[in-house]
Amino acid sequence: MIWGRLTFWIAASTTLLGAVLAVGLRNIFHNILGFALAVVGVAGLFLILGSDFLAAVLILVYVGALAIAMVYAVMLSQPLDAPPRPRSAAKALAAVALALLVAAVLWLVVGQARFPARGGGPLQSSALWAGYRFLSDYVVACELISVLLVVAMIGAVMVAKRARSAPPPAPPEAP
């Protein structure tokens, strides 16, 4: 019993530490590494809950997402030799307030949810069932999401290319 609690607290603290690092650090590359740490913690929580399939899918999907995030970080961030832009304290406080509000709403929703008991019969939550549903009922949605992500990435490349290749504006002429 003590090992179960210990592994839970390790996974939960890894998730929280990664989330704080992902939001709190100033370098975008370090933010991505913090996000990766949070994803590993969440995968650990899924493993503790006995959901090996979701843990594996989470890792596999977010490896690709992190690779794309690193490409965005390299293309869209300002150069390292540029002076850092100051952060607005009002925006940071608003973000914290919004995050706490969302967390409270999620806490209430999950607390009032009724989950099916495991004792009755087999729950349809196996990898076979999930794969069947993805490839039969939700195949169009999955394909549309993949097309949307490719279009978003191409758009980000075009915006970054245009922003870096645009000539600086001419100074105004004196009368």
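Residues numbered from 1 in each chain as written. Predicted model: local features only at pLDDT ≥ 70, side-chain atom pairs only at ≥ 80, totals over all residues. Heavy atoms only, no water.

J.: An account of the overall build of the protein is needed here, citing residue identities and associated values.
T.: Scanning the protein from terminus to terminus reveals 6 helices and 0 strands. Element order for the protein, N to C, with α for helix and β for strand: α-α-α-α-α-α. By the burial criterion, 11% of the 175 residues in the protein qualify as buried. Long-range pairs, those at least 24 residues apart, make up 58% of the contacts in the protein with a sequence separation of at least 6. Surface exposure of the protein reaches about 14200 Å², of which carbon and sulfur atoms provide 76%. (Helix = DSSP H or I, 4+ residues; strand = E, 2+ residues; numbered from the N terminus. Buried < 20%, exposed > 50% of the residue type's maximum accessible area, 1.4 Å probe, protein only. Contact = heavy atoms within 4.5 Å. Areas by Shrake-Rupley, 256 points an atom, 1.4 Å probe, with all protein chains shown as cover.)

J.: So what about the packing of aromatic side chains? Which residues, and what values?
T.: Evaluation of the coordinates by the stated rule reveals 2 aromatic pairs. Ring plane angle 75° and centroid distance 5.2 Å describe the contact between Phe-8 and Trp-9, whose orientation is recorded as edge-to-face. With a centroid separation of 5.6 Å and an interplanar angle of 70°, the aromatic rings of Phe-35 and Tyr-62 are classed as edge-to-face. Within this pair, whereas Phe-35 is found in helix 2 (residues 28–48), its partner Tyr-62 is found in helix 3 (residues 52–76), the two being separated by 27 residues in sequence. (Phe/Tyr/Trp six-rings, centres within 6.5 Å; stacked < 30°, edge-to-face > 60°.)

J.: Hey, could you go over a nonpolar patch on the surface for me, with residue numbers and the actual values?
T.: Judged by side-chain polarity, Phe-35, Phe-53, Leu-54, Val-57, Val-61 and Tyr-62 come together as a nonpolar surface patch covering roughly 470 Å² of accessible area. For the nonpolar patch, the element with the most residues is helix 3, which contributes 5 residues. Inspection of the secondary structure assignment puts Phe-53 in helix 3. (Patch = residues over 30% accessible without salt bridge, like charges linked within 9 Å, V, L, I, M, F, W, Y side chains within 5 Å. Salt bridge = Lys/Arg side-chain N within 4 Å of Asp/Glu carboxyl O.)

J.: Lay out helix 2 in plain terms, naming residues and giving numbers.
T.: With 21 residues, helix 2 should cover 30 Å at 1.5 Å per step; its first-to-last C-alpha distance of 30 Å lies within 8% of that length. Along helix 2, the residues classified as buried are Asn-31, Ile-32, Gly-34, Ala-38, Val-39, Gly-41, Ala-43 and Gly-44. Buried residues belonging to helix 2 abut helix 1 (2–24) and helix 3. (Expected span 1.5 Å × (residues − 1).)

J.: Just give me the short version of the side chain of Thr-15, but keep the residues and values in it.
T.: With respect to the helices, strands and loops of the structure, Thr-15 is situated in helix 1. Apart from residues no more than four positions distant in its own chain, Thr-15 is found in contact with Ala-38, Gly-41, Val-42 and Leu-45.

J.: Run through the packing of helix 2 against helix 3, naming residues and quoting values.
T.: Packing of helix 2 against helix 3 leaves a shortest axis separation of 9 Å and a crossing angle of 175°. Of the possible angle classes, the one that applies to helix 2 and helix 3 is roughly antiparallel. Where helix 2 abuts helix 3, its residues Ile-28, Phe-29, Ile-32, Leu-33, Phe-35, Ala-36, Val-39, Val-42, Ala-43, Phe-46 and Leu-47 lie against Asp-52, Leu-54, Ala-55, Leu-58, Ile-59, Tyr-62, Leu-66, Ala-69, Met-70 and Ala-73. Residues belonging to the contact of helix 2 with helix 3 are distributed by class as follows: 20 nonpolar, no polar and 1 charged. (Axes fitted to C-alpha atoms, helices over the stretch in contact; angles between N-to-C directions. Parallel < 35°, antiparallel > 145°, perpendicular 65-115°, else oblique. Nonpolar A, V, L, I, M, F, W, Y, C, P; charged D, E, K, R; others polar.)

J.: For the side chain of Asn-31, give the residues involved together with the corresponding values.
T.: Inspection of the secondary structure assignment puts Asn-31 in helix 2. From its side chain, Asn-31 meets the backbone oxygen of Leu-25 in a polar contact 2.9 Å long. Non-local contacts of Asn-31, meaning those with residues more than four positions away in its chain, are made with Leu-21, Ala-22, Val-23, Leu-25 and Arg-26. (Polar contact = N/O pair within 3.5 Å; in protein donor to acceptor, adjacent residues only side chain to side chain.)

J.: Tell me about helix 3, and please be specific about residues and values.
T.: Given a rise of 1.5 Å per residue, 25 residues ought to cover 36 Å, and the 35 Å separating the end C-alpha atoms of helix 3 matches this to within 8%. Buried within helix 3 are the following residues: Ala-55, Leu-58, Leu-66 and Ala-73.

J.: Any chance you could break down the packing of helix 1 against helix 2 for me, citing the residues and the numbers?
T.: At a closest axis distance of 7 Å, the pairing of helix 1 and helix 2 adopts a crossing angle of 155°. Here helix 2 runs roughly antiparallel to helix 1, going by the angle between their axes. The handedness of the crossing between helix 1 and helix 2 comes out as left-handed. The residues of helix 2 that touch helix 1, namely those facing Thr-7, Phe-8, Ala-11, Ala-12, Thr-14, Thr-15, Leu-17, Gly-18, Ala-19, Leu-21, Ala-22 and Val-23, are Asn-31, Gly-34, Phe-35, Leu-37, Ala-38, Gly-41, Val-42, Gly-44, Leu-45 and Ile-48. (Left-handed = near helix turned anticlockwise from the far one by under 90°.)

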